[in-house]
Each structure stands twice: as structure tokens, then as C-alpha cells.
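# Secondary and tertiary structure notes
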4 protein chains.
Amino acid sequence: MYKKLRQFVYNVIRDDGEENRLNSVFGTIIMVLIIINVLLVIIETFKGIPELARTVFYYIEVVSVIIFTVEYLLRIWTAPLKFPEMKGALARLKYMRTFMAVIDILAILPFYIPFALPVNLMILRMLRLLRLLRIMKMNRYTGALVLIKNVITRQAPQLISSLFAVFLLLVLASLLVHSVEYDAQPDVFENAFSGLWWAMATLTTVGYGDITPVTAIGKFLGTIIALLGIGLVAVPTGIISAGFIEVMAEEKAKKEEKEPEQETKRFCSYCGKEVG
Amino acid sequence: MYKKLRQFVYNVIRDDGEENRLNSVFGTIIMVLIIINVLLVIIETFKGIPELARTVFYYIEVVSVIIFTVEYLLRIWTAPLKFPEMKGALARLKYMRTFMAVIDILAILPFYIPFALPVNLMILRMLRLLRLLRIMKMNRYTGALVLIKNVITRQAPQLISSLFAVFLLLVLASLLVHSVEYDAQPDVFENAFSGLWWAMATLTTVGYGDITPVTAIGKFLGTIIALLGIGLVAVPTGIISAGFIEVMAEEKAKKEEKEPEQETKRFCSYCGKEVG
Amino acid sequence: MYKKLRQFVYNVIRDDGEENRLNSVFGTIIMVLIIINVLLVIIETFKGIPELARTVFYYIEVVSVIIFTVEYLLRIWTAPLKFPEMKGALARLKYMRTFMAVIDILAILPFYIPFALPVNLMILRMLRLLRLLRIMKMNRYTGALVLIKNVITRQAPQLISSLFAVFLLLVLASLLVHSVEYDAQPDVFENAFSGLWWAMATLTTVGYGDITPVTAIGKFLGTIIALLGIGLVAVPTGIISAGFIEVMAEEKAKKEEKEPEQETKRFCSYCGKEVG
Amino acid sequence: MYKKLRQFVYNVIRDDGEENRLNSVFGTIIMVLIIINVLLVIIETFKGIPELARTVFYYIEVVSVIIFTVEYLLRIWTAPLKFPEMKGALARLKYMRTFMAVIDILAILPFYIPFALPVNLMILRMLRLLRLLRIMKMNRYTGALVLIKNVITRQAPQLISSLFAVFLLLVLASLLVHSVEYDAQPDVFENAFSGLWWAMATLTTVGYGDITPVTAIGKFLGTIIALLGIGLVAVPTGIISAGFIEVMAEEKAKKEEKEPEQETKRFCSYCGKEVG
């Protein structure tokens with residue numbers, strides 16, 4: 001009986017792609033709840049919200065947290081079905097350390113902390129921001145981000161390298177611009193941090209224009225850095241392009257392996273040769 | 001006689017690539033009319049246009065709408081020739097629901113509404129904007145956008161995924177920047193919406209600079225988001241690059257399949273191997 | 001004797017890649033002269049240049065124009081050697097209509113016009129700008145731009161299509177933003193032209209920030225257009241990427257065809273298969 | 001004995017990828033030292049650093065320079081082991097002319113110069129900036145930048161060509177915008193240099209907005225240049241994308257050549273054909 005109930009609950013809340021009717025109903029409910037929660041966080045930033053609305057928002061928050069808490073507990077309870085090769089307690093511990101479980105707990109904990117500990121306003125606000133992690137829960141119910149994640153994971157070493165190069169360039173550029181512009185604009189390029197803000201805006205081609213060099217040598221430096229900024233965009237773009245091309249080619253190959261009975265003529269997309 | 005006339009009219013207005021002399025004359029006339037219409041919409045935004053010019057513009061508008069209306073009616077009339085597998089009324093209904101037919105009706109309707117219904121100035125202005133849809137009518141007479149449309153359609157699922165990722169990132173970034181900068185600039189980062197405007201300008205690397213963070217933590221957040229903005233550009237670029245490469249390779253393969261008699265040596269562009 | 005002299009002159013000034021000693025000396029002299037000319041145009045924009053320097057600059061200009069004129073005349077004289085399949089006068093006429101010959105004449109003509117015709121200051125200034133065309137003369141002596149030109153030429157139809165799409169988007173965006181923002185900022189979004197300037201800065205992600213929407217609906221429109229701007233960058237980037245990949249693969253194939261004796265093992269860079 | 005010691009020292013400091021325990025300990029120490037040095041340069045730009053801290057910083061600087069000097073001398077001493085095909089003195093001279101050795105000496109020399117020569121404050125500051133070259137020393141201990149460097153080296157000719165095209169475009173654009181906008185904004189577009197700063201910000205899509213054209217013809221020019229700016233980003237991006245795709249394909253081919261015993265089925269990622 002217990003095992004049957006657990007299996008039933010697991011089938012409802014499982015998120016490993018094996019879909020069934022109840023499962024997708026459950027997923028949709030959680031998705032709607034997440035979207036409502038995010039909308040509330042957005043609405044709360046607007047001024048002049050009447051007291052009544054605030055009360056309603058609070059009750060929605062309470063209900064959401066209860067549902068998310070129950071969801072979290074059920075996921076722990078059914079963890080042994082997710083990791084069948086492990087004993088109960090171990091499977092649960094393992095589940096609690098997964099990325100999605102950590103997101104789940106961080107997304108509800110901030111609600112409980114003020115009841116348990118005395119917190120000041122500053123910390124309370126920080127805690128409230130953690131509610132935004134609820135957006136990440138969406139990841140469980142949508143397959144939309146899988147391909148992008150795959151490409152980024154596959155190209156991670158090169159992307160990290162290019163990020164490292166960006167970082168070195170940022171530090172160099174910010175120190176150079178600071179030392180070059182400090183005499184002309186001591187209030188604007190106050191320290192290396194101001195330089196970093198400018199270097200970032202230039203290298204990423206955002207170019208806010210709140211800080212710009214005014215001396216001839218500073219502008220010359222700015223020209224060099226902006227041109228490097230184009231390269232900076234080009235490197236990760238090249239890495240990600242190459243990744244997408246590879247992943248798409250692999251997926252095509254897999255698909256064609258699966259459907260060999262399909263006897264229409266196929267041609268190598270590169271050499272135009274017929275492919276048996 | 002009726003059938004012959006309808007066939008003749010259909011041959012003049014058909015837009016399915018089967019070109020003939022009258023057809024291309026008709027297409028050119030409509031294209032010129034569309035361009036005149038768009039130019040008029042542009043010119044009308046300038047101040048100090050003399051009353052006489054306004055009168056001329058109005059008559060051009062009237063003539064254009066009459067021509068477009070006749071065109072629309074003729075297309076409905078000849079719909080059974082476009083969908084020969086359907087009966088008359090059904091074919092016409094089907095045609096009226098096609099994308100281009102909807103564009104056609106939306107581009108002329110705003111002219112007639114004020115005669116039929118009492119509308120206030122606000123709605124009238126909105127209706128006038130619908131005239132811009134006439135630009136979309138051009139699509140029927142030019143093949144220029146076909147390749148781009150093909151690539152985008154083929155990569156649509158990945159592009160939508162990356163748009164979804166962008167959207168999540170935008171919401172997260174706008175709420176974070178609002179909560180971080182609100183104390184320092186309560187008038188600038190008023191609510192989540194101001195944060196969104198900043199996050200958009202930063203993630204897309206537009207960087208207007210009308211709103212920028214001033215606190216150290218806000219600038220740090222800005223740096224992270226701007227760097228993610230580079231990735232944001234890289235992902236759709238990678239997707240579209242991969243799409244163009246695939247489409248171009250397929251077109252090449254198709255072309256070579258069509259012209260097998262051409263006996264010049266060909267080489268696989270990737271391995272340099274001769275290809276039979 | 002005449003033919004021998006003409007052949008000698010032609011060998012000195014020919015620009016078809018068949019290099020020899022005199023030819024490269026001549027090319028270097030012209031290149032240096034071009035660079036000096038461009039530097040002069042730049043320097044002349046600075047204020048406070050002493051009268052003496054201006055006089056020197058004028059004499060450099062005179063000498064340059066004389067040399068460029070002689071070069072132009074010699075190129076016309078030797079044209080029959082460039083197009084040996086044509087008779088003298090015809091070959092010369094054909095040469096005068098080539099792109100580089102038109103550049104040559106436009107780069108020197110502005111110097112002579114004021115002597116022949118009375119011109120006002122405005123036209124004189126315009127004419128002086130034509131001197132910048134001398135930069136284009138460099139193209140004859142450097143192979144650096146050939147690969148880029150090849151890729152762009154090969155992808156021209158797609159690039160023009162994407163430019164057409166950009167143009168439609170620009171017109172639509174500028175009219176929309178004008179009609180949305182006009183009431184709130186009648187001085188800033190004065191007419192369609194102001195809207196165009198904003199739409200351009202947003203779609204290309206330049207984002208000067210001199211004109212930005214302030215209404216909620218205008219900012220929403222701005223967000224959509226900025227996101228489309230990312231796509232706008234992605235499309236030509238994808239087209240050009242695909243072009244470079246193709247051109248590079250073809251060059252590799254050609255090179256390997258030329259050097260078949262080289263017996264090191266080669267592998268298809270895509271399937272890892274050994275290639276005979 | 002001398003030879004054994006030298007061999008031992010060489011094994012500790014070698015940076016050619018042949019790693020051993022002592023070697024990686026040494027590398028880590030130098031890396032930490034470099035990071036501390038860079039952090040110090042950053043911190044020193046902030047105001048209000050107490051005198052005590054400045055003294056501590058100075059001692060850290062002294063210790064760092066001593067260690068870097070010893071490292072440099074040891075590298076020269078062990079150079080004959082790095083270039084075994086050369087005699088002692090020649091090998092040392094050759095080493096001293098390598099890129100990394102020049103970086104090493106430039107990163108420590110600024111510390112010694114003020115002791116040897118009388119320098120004024122301006123030169124002293126410049127010299128201090130050379131300390132930033134210590135960041136480049138990191139390159140020796142991290143493999144992160146190798147792939148990026150390989151791709152950039154391989155595509156160097158094309159990248160230089162596109163940089164040349166950028167440069168020509170920059171010069172043309174800056175002179176054009178100057179001559180067009182000078183009458184309307186003589187203080188803003190003062191000379192060719194101001195034009196260059198604007199042209200750079202526009203072509204790279206940075207768009208600070210500190211200088212923008214105000215005349216209709218200037219804005220039209222700006223639109224053209226901004227659209228070319230998109231192309232400008234597209235060309236190096238295309239070049240680097242193509243490079244990454246090639247390098248990655250070659251690495252894959254090499255890896256598969258090395259591991260031929262692995263008998264899982266493999267498929268050409270382009271044609272889906274099984275590959276032996």
C-alpha cells in the first residue's frame with residue numbers, strides 16, 4: 001500500500017521525461033504557480049499598490065510556499081524511486097544534493113527564516129530576492145533550454161578560456177585607462193573600479209557613455225579597446241556557432257540512423273554525393 | 001466566357017511564381033503603389049506640409065485604397081483557380097484565411113471604418129498605423145526574403161528557446177538591478193519596469209545610457225549582465241549561422257543533382273576528395 | 001621602338017599580379033604618395049596650422065596630382081596591352097570605363113575643375129572630399145581585401161536580401177516609434193526622420209542615447225526592436241560565416257589538388273575518414 | 001654536479017608542458033605572486049590608503065621583483081637545456097630574445113631604473129604601468145589561451161585584412177563626418193580626430209553618444225556607417241567561426257586517429273554515413 005502510494009506520487013511528480021496525464025497536469029499547475037509568483041515579485045516593485053492587494057499577494061505567497069514545500073518533501077520521499085540502485089536514506093541524501101533540489105529549498109527557505117531567526121530589514125530584502133530562484137524551477141518542466149545547455153556544456157572549456165581572456169583584457173584596459181585619464185578627469189576615472197566600468201562598457205560594445213575618455217591618448221586607447229571588443233564578441237560567437245553546427249549534425253546523424261528504412265535519396269550536405 | 005475572363009484575371013494577378021508579361025506589369029504597378037503609400041506615411045509625419053499637398057495625398061490614398069480593394073476582391077473571385085481541388089465558396093473562404101489575404105484586408109479596412117463607425121481620434125490614429133501593413137504586401141512580389149525566412153523557419157525551435165532564455169534573463173536582471181539600485185536612485189530605478197528597460201539595453205548591448213547603475217554592487221551586476229549579453233548575441237548568431245550553412249549546402253546539393261551532365265571535376269569542399 | 005617603350009612602361013605600371021622589380025618599386029612609390037595624401041587631408045582638418053605648412057601642403061598636393069595624372073595617362077596609353085584582344089582606341093575606351101580608372105579620374109579631377117569653371121565655396125569643399133577616393137587607389141597595390149571581397153561578392157544576393165529586410169524593419173520601426181512617442185516628446189520625435197535615427201541606433205545596437213522613448217509603450221516597442229536588432233546582427237553574420245567556411249574549404253581543396261605528390265596522410269576534417 | 005643542479009632547476013621551472021610535482025608547485029607560487037601583484041596595482045588606484053598599507057605594499061613589491069629577477073636569471077642559466085642543439089651562450093642569447101623572456105625583463109626592469117637613472121614623475125608613472133606586463137607571465141602557466149591563440153594565428157592573414165578594411169573605413173568615415181558636421185557643430189566635430197572617435201564608436205556599435213551628428217546629412221551618413229558596422233562585426237566573426245570549426249574538426253580527427261581501437265560505430269557528422 002505504502003509502496004503503491006509512493007509509486008503513484010512519484011509518477012505524478014517525476015520530471016525525467018516519462019510523461020503521463022497526471023504528471024503533465026501537475027507540471028502545468030506548478031508552472032502557472034511559478035509564473036504567478038514571478039509576476040507578483042514584479043508587481044511588488046511598483047509604488048502605490050493598495051493595502052488590500054498587498055494582503056492578497058501575501059496569501060498567494062503563503063499558498064505558493066506551502067505547495068512548493070509539499071512538492072519538495074514529496075520529491076525527497078520518492079527519491080528512492082529516482083535512484084533505485086541506492087538505499088532509502090542514501091537516495092534521499094543524494095537527491096537533496098542535486099542542483100534542482102538545492103534550487104527548490106533556496107526558493108522556499110527565505111519564507112521560513114524570519115519566523116525562526118531575528119533578521120534585520122537588509123537581510124530580509126536579500127532573502128526576498130531568493131524568491132527569484134523559483135524561475136529556475138521552470139527548467140524542470142520545459143525542454144526549451146536543453147539544446148542551448150548542451151552546446152554551452154560541450155564548449156565550456158573554450159568559453160571559459162575566452163572568459164579568462166576577457167577578464168585579463170578588462171583588468172589591463174581598466175588600469176591603463178585610469179592611469180591615462182586620471183589627470184584630466186580625476187572625478188570620473190577615480191580609481192581602477194571606474195576604469196573597469198568603462199572598460200566593460202567598451203569591450204562588450206554596450207557603450208553607456210556615462211564615462212568616456214577625453215584626452216587624445218585616452219581616446220586612442222578607447223579605439224584599440226573597442227576594436228578588441230569586436231574580437232571579444234567574435235570569439236564566443238565562433239565557439240558557440242561551431243558547437244551548434246556540431247550538435248545539429250550529430251542529431252541529424254542519430255535521427256537518420258534511427259530511420260534507415262526511409263528510402264528517399266539522401267545527399268551529403270557537403271559534397272553533394274549520394275549517401276547510401 | 002466567364003471562366004475565360006476569370007482565368008485571364010488570375011493569370012494577371014497570380015503570385016505563385018508562374019510569371020508572364022501581364023503579371024509582371026501588374027506586380028510592378030502594385031509595388032510602385034505600395035512604395036508611394038509608404039513614402040506618404042513618412043512625409044505626413046513632417047510638419048508644415050501645405051494644405052494643397054495634404055489634399056493631393058488624400059486623393060492618392062483614396063485611389064490606392066480603391067486599387068487595393070479591387071485587387072483583394074479579384075483575388076477572392078479567382079481563389080477557386082488557386083485551390084482547384086476545392087469548390088468555389090470553400091476555396092474563397094480558404095483564401096480569405098491565408099496570411100497574405102489577412103494582411104490585404106487589414107491594410108485597406110482602416111480607410112473604410114470611419115465611414116461606418118463613429119471613432120475617436122485615438123482609435124483613428126491607431127487605424128492609420130495599420131496602413132503600414134501595406135509594406136508587407138511587397139512580400140508577394142519579391143523573392144528576396146525567402147532564404148532568410150527559410151533559415152529562420154528551420155531554426156525556429158532553437159531561436160524560440162534562446163528567446164525564452166533571454167526572457168528569463170531579462171526578468172532576473174531587471175528585478176536584481178531594481179533591488180540593488182533602488183536605494184541609491186529611487187527616481188531612476190523606480191520599479192521593475194525601469195529595471196527591465198536597463199536590462200534590455202545592457203543585454204542587447206544597445207546601451208543607451210539613459211539609465212545606468214551608480215552603486216558598486218550595481219556596476220558589478222551590470223558587468224555580469226553585459227558579459228552575458230555577449231553570450232546572448234552569440235547564441236542566436238550561432239543558431240542562424242548553422243542554419244545558413246545547412247541551407248546553402250542543401251541548395252548546392254540540389255543544384256548538382258539537377259545538372260549531372262556537367263562533367264567538370266568537383267571536390268568535396270570539406271575533405272578535398274574528388275566527388276563522382 | 002614605340003612598342004618597346006610602351007611594353008616597358010606597361011611592365012612598370014601593370015597591376016595584374018605579374019610582379020617584377022620596377023613594378024614593385026613603382027607600386028611602393030604610389031602607395032607612399034597615397035598615404036601622404038590621406039595624412040594631409042587629416043592634418044588639414046586641425047586648426048592653427050601655420051601658413052608655411054599650408055603652402056608646403058599645397059605643393060605636395062600639386063606634385064601628387066601631377067604624378068597621379070601622368071599615371072592615369074600612361075594607363076590609358078598602355079591599355080591595348082591590358083586588353084590585347086581589342087584595337088587601340090577601343091581598348092582605351094574600355095579601360096576608361098573600368099572601376100579603377102573611374103576612381104583614378106575622380107581622384108584628380110577636383111584639382112583641375114576650379115581652374116576651368118567658376119565654383120562656389122560649397123562645391124569646392126565637396127570636390128575636395130573627392131580626394132579621399134585616392135584611398136581606393138591603394139586597392140590596386142594590396143591583395144589584402146581580396147578574400148573579404150570574394151566572400152561578400154559570393155554572398156551578395158543573401159546580403160542584399162538581409163539589407164532589404166533591415167530597411168523594411170527600419171521604416172516600420174521609425175514610423176511606429178514616432179506615432180507612439182510623438183505626444184510625449186514632440187520635440188524629440190519630431191517626424192519620421194527622428195524615428196529613423198532612433199530605430200537605426202537601436203537595430204544596429206549602437207544606442208547613442210541621444211533619443212530614447214520615455215512612454216511605457218515606447219519602451220516596450222524599444223525592447224522588441226532591440227531584440228530584433230540582435231537577429232539583425234545574426235543574419236549577415238551567419239551569411240558571412242557560411243561564406244568564409246565555403247571559400248576556405250574551396251581554397252583548401254584547390255591547394256590539395258595542386259600538390260598531390262605530398263604523401264602525408266590526410267583526414268576529412270568532418271568525418272575523420274582517411275582521404276586518398 | 002653543476003650539470004645535475006642545472007637539470008634539477010630546469011625541471012622545476014620548465015614551462016613546456018612536461019609537468020612534474022616540483023614544477024607545478026613552482027608554477028602555482030608564481031601564479032599566486034602574479035595575482036597578488038595585479039591586485040596591488042588595482043588597490044593602489046584607490047584613494048585614502050593608509051601609510052602603513054602603502055609600506056606593506058612596497059615590501060611585497062620588493063619581494064616580488066626579487067623572486068621574478070631570480071626566476072629570470074635561472075631561466076637564462078638553464079636556456080641551454082631548453083635549446084639543446086645550441087652552445088651555451090648562443091642558447092642564452094636566443095632565449096633572451098623569445099617573447100616570454102622580453103615580457104619577463106620588461107616586467108621587472110621598471111623597478112630598477114629609478115635606482116640607476118634620474119627619472120621625472122611622468123616617466124616613473126609610465127614605468128610603473130609596465131608592471132601590468134606581469135599579467136602576461138600567467139600565459140606560461142595556463143593552457144587556457146592556447147586554443148584561442150591557435151585559431152587567431154591560423155586566421156591571422158584574414159583578420160589583418162579585415163582590420164585593414166576597418167582602418168580604411170574609419171579614416172573615410174571620420175573625414176566625411178567632420179566635413180559634413182563641422183559647420184553645425186564646430187566645437188564637437190573640431191577636427192578629423194573627433195570624427196575618428198565618433199566613427200570608431202559607431203562602426204564598433206559601442207555608441208557612447210558623447211558625439212553625435214545633428215544635421216540630416218550627418219545622420220544619413222551615420223545610418224550608413226552603423227549598417228556597415230554590423231558588417232564589420234560580421235567579417236571577423238565569420239573568420240573566427242570558420243577557424244574554430246576547422247580547428248575543432250582537426251582535433252577530433254587527430255583524437256580519432258590516436259584511438260582506432262575504439263570500435264563503437266562512428267558517423268560522419270555531415271552525411272550520416274557510417275565511417276570505418
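Above: the structure in question.
Now for a look at the structure at hand. (Residues numbered from 1 in each chain as written. Chains lettered and ligands numbered in written order. Predicted model: local features only at pLDDT ≥ 70, side-chain atom pairs only at ≥ 80, totals over all residues. Heavy atoms only, no water.)

## Quick notes on the pattern of salt bridges
Residue and element names in this part refer to chain A. For the structure on display, the rule yields 32 salt bridges over all chains. Residue Glu61 is joined to Arg134 by a salt bridge in which the shortest nitrogen-to-oxygen separation is 3.4 Å. Here Glu61 is found in helix α3 (residues 51-77), whereas its partner Arg134 is found in helix α8 (residues 134-137), with 73 residues between them in sequence. Take Glu61: its relative accessible area is 9%, and that puts it in the buried class. Judged by relative accessible area, Arg134 falls into the buried class, the value being 1%. Through salt bridges with shared partners, a single network forms among Glu44, Glu61, Arg131 and Arg134. (Salt bridge = Lys/Arg side-chain N within 4 Å of Asp/Glu carboxyl O. Helix = DSSP H or I, 4+ residues; strand = E, 2+ residues; numbered from the N terminus. Buried < 20%, exposed > 50% of the residue type's maximum accessible area, 1.4 Å probe, protein only.)

## Thoughts on the interface of chain A and chain B
Taken together, the contact between chain A and chain B spans 43 residues of the former and 56 residues of the latter. Here chain A and chain B share an interface that buries about 4400 Å² over both sides, 75% of which is from carbon and sulfur atoms. At the surface where chain A touches chain B, the tally comes to three residue pairs in polar contact (both at pLDDT 80 or more). In terms of residues, the side of chain A that touches chain B owes the most to one element, helix α12 (residues 216-258) of chain A, which gives ten residues. A per-class count over the side of chain A that touches chain B returns 29 nonpolar, nine polar and five charged. (Contact = heavy atoms within 4.5 Å. Buried area = accessible area lost by both parts, 1.4 Å probe. Polar contact = N/O pair within 3.5 Å; in protein donor to acceptor, adjacent residues only side chain to side chain. Nonpolar A, V, L, I, M, F, W, Y, C, P; charged D, E, K, R; others polar.)

## Regarding a nonpolar patch on the surface
Residues and elements named next belong to chain C. Taken together, the side chains of Leu117, Val119, Leu121, Met122, Ile123, Leu124 and Met126 define a hydrophobic patch exposed on the protein surface, amounting to about 670 Å² of accessible area. Mapped onto the secondary structure, Ile123 falls in helix α7 (residues 121-129). The partly exposed category is assigned to Ile123, whose relative accessible area is 43%. (Patch = residues over 30% accessible without salt bridge, like charges linked within 9 Å, V, L, I, M, F, W, Y side chains within 5 Å. Areas by Shrake-Rupley, 256 points an atom, 1.4 Å probe, with all protein chains shown as cover.)

## Some remarks on the packing of aromatic side chains
Residue and element names in this part refer to chain A. Following the criterion strictly, the structure yields 24 aromatic pairs over all chains and no others. Consider the rings of Tyr58 and Tyr59, whose centres lie 6.0 Å apart with planes at 70°: the pair is edge-to-face. Classification of Tyr58 as partly exposed rests on a relative accessible area of 43%. Sitting above the plane of the Phe83 ring, Lys94 keeps its charged end 4.7 Å from the centroid. (Phe/Tyr/Trp six-rings, centres within 6.5 Å; stacked < 30°, edge-to-face > 60°. Lys NZ or Arg CZ within 6 Å of the ring centre and 35° of its normal.)

## Describing the relation of the copies chain B and chain C
Least-squares fitting of chain B to chain C yields an RMSD of 0.1 Å, with the transformation described by 0.0 Å of translation along the axis and a rotation of 90°. The superposition of one copy onto the other is thereby described by a four-fold rotation axis. (Least-squares fit on C-alpha atoms with pLDDT ≥ 70 in both.)

## With respect to the interface of chain B and chain C
One frequent convention defines the size of an interface as the accessible area lost when the parts assemble. Contact with chain B, which involves 42 residues of that partner, is made by 56 residues of chain C. Summing both sides of the interface, chain B and chain C together bury roughly 4500 Å²; the carbon and sulfur share of this comes to 75%. Between chain B and chain C we count zero salt bridges in total. Taken together, the connections running from chain B to chain C amount to three residue pairs in polar contact (both at pLDDT 80 or more). The set of elements that each furnish at least two residues to the side of chain B that touches chain C consists of α2 (21-44), α7 (121-129), α9 (146-154), α11 (192-203) and α12 (216-258) of chain B. Counting residues per element, the side of chain B that touches chain C draws most heavily on α12(B), which supplies ten residues. Each residue belonging to the side of chain B that touches chain C can be placed in one class, and the counts come to 28 nonpolar, nine polar and five charged.

## Notes on the environment of Pro236(B)
Residue position: Pro236(B) is located in helix α12. Through-space distance from the C-alpha of Pro236(B) to that of Leu163(B) is 8.5 Å; in sequence the pair is 73 residues apart. When residues no more than four places from it in sequence are discounted, the contact partners of Pro236(B) are Leu159(B), Ser162(B), Ile230(C) and Ala234(C).

## A closer look at the packing of helix α9 (residues 146-154) of chain C against helix α10 (residues 156-181) of chain C
Residues and elements named next belong to chain C. Where α9 meets α10, the closest approach of the two axes is 5 Å, and the angle between their N-to-C directions is 70°. Taken together, the axes of α9 and α10 lie roughly perpendicular to each other. Together, Ile152, Thr153 and Arg154 of α9 and Ala156, Pro157 and Leu159 of α10 make up the contact between the two elements. Its residues assigned to classes, the contact of α9 with α10 shows four nonpolar, one polar and one charged. (Axes fitted to C-alpha atoms, helices over the stretch in contact; angles between N-to-C directions. Parallel < 35°, antiparallel > 145°, perpendicular 65-115°, else oblique.)

## Some remarks on the nonpolar core
Judged by nonpolar contacts, the single largest core of 78 residues is most densely connected at Trp198(A), Trp198(B), Trp198(C) and Trp198(D). Sequence-distant contacts of Trp198(A), that is, excluding residues within four places in its chain, are made with Val177(A), Phe189(A), Ile211(A), Thr212(A), Pro213(A), Gly222(A), Ile225(A) and Tyr208(D). Residues Leu147(A), Ile240(B), Val247(B) and Ile245(C) belong to the second largest nonpolar core, which totals 52 residues. (Core = buried A, V, L, I, M, F, W, Y, C linked by side-chain atoms within 4.5 Å.)

## Here we look at the side chain of Asn191(A)
Turning to its location among the elements, Asn191(A) is positioned in the loop between α10 (156-181) and α11 (192-203). Residue Asn191(A) is classed as buried on the basis of its relative accessible area of 11%. For Asn191(A), the side chain forms a polar contact with the main-chain nitrogen of Phe193(A), separated by 3.0 Å. If sequence neighbours within four positions are ignored, Asn191(A) has contacts with His178(A), Thr45(D) and Phe46(D).

## Some details on the environment of Asp183(C)
Structurally, Asp183(C) can be placed in the loop between α10 and α11 (192-203). With a relative accessible area of 51%, Asp183(C) lands in the exposed category.

## Here we look at unusual backbone geometry
The backbone of Thr205(A) sits at a positive phi, close to 60°, despite the residue not being glycine. As for its placement among the helices and strands, Thr205(A) is situated in the loop between α11 and α12.

## Topic: the layout of surface pockets
The volume enclosed by the second largest pocket comes to roughly 1300 Å³. Every residue lining the second largest pocket is counted, 40 residues in all, and those nearest its centre are Ala165(A), Leu169(A), Leu228(A), Ile148(D) and Ile152(D). (1 Å grid on protein atoms, 1.4 Å probe; cavity = no way out; pocket = protein on both sides within 12 Å on 5 of 7 lines; lining within 4 Å. Points joined across faces, edges and corners; volume = space filled by probe spheres on them.)

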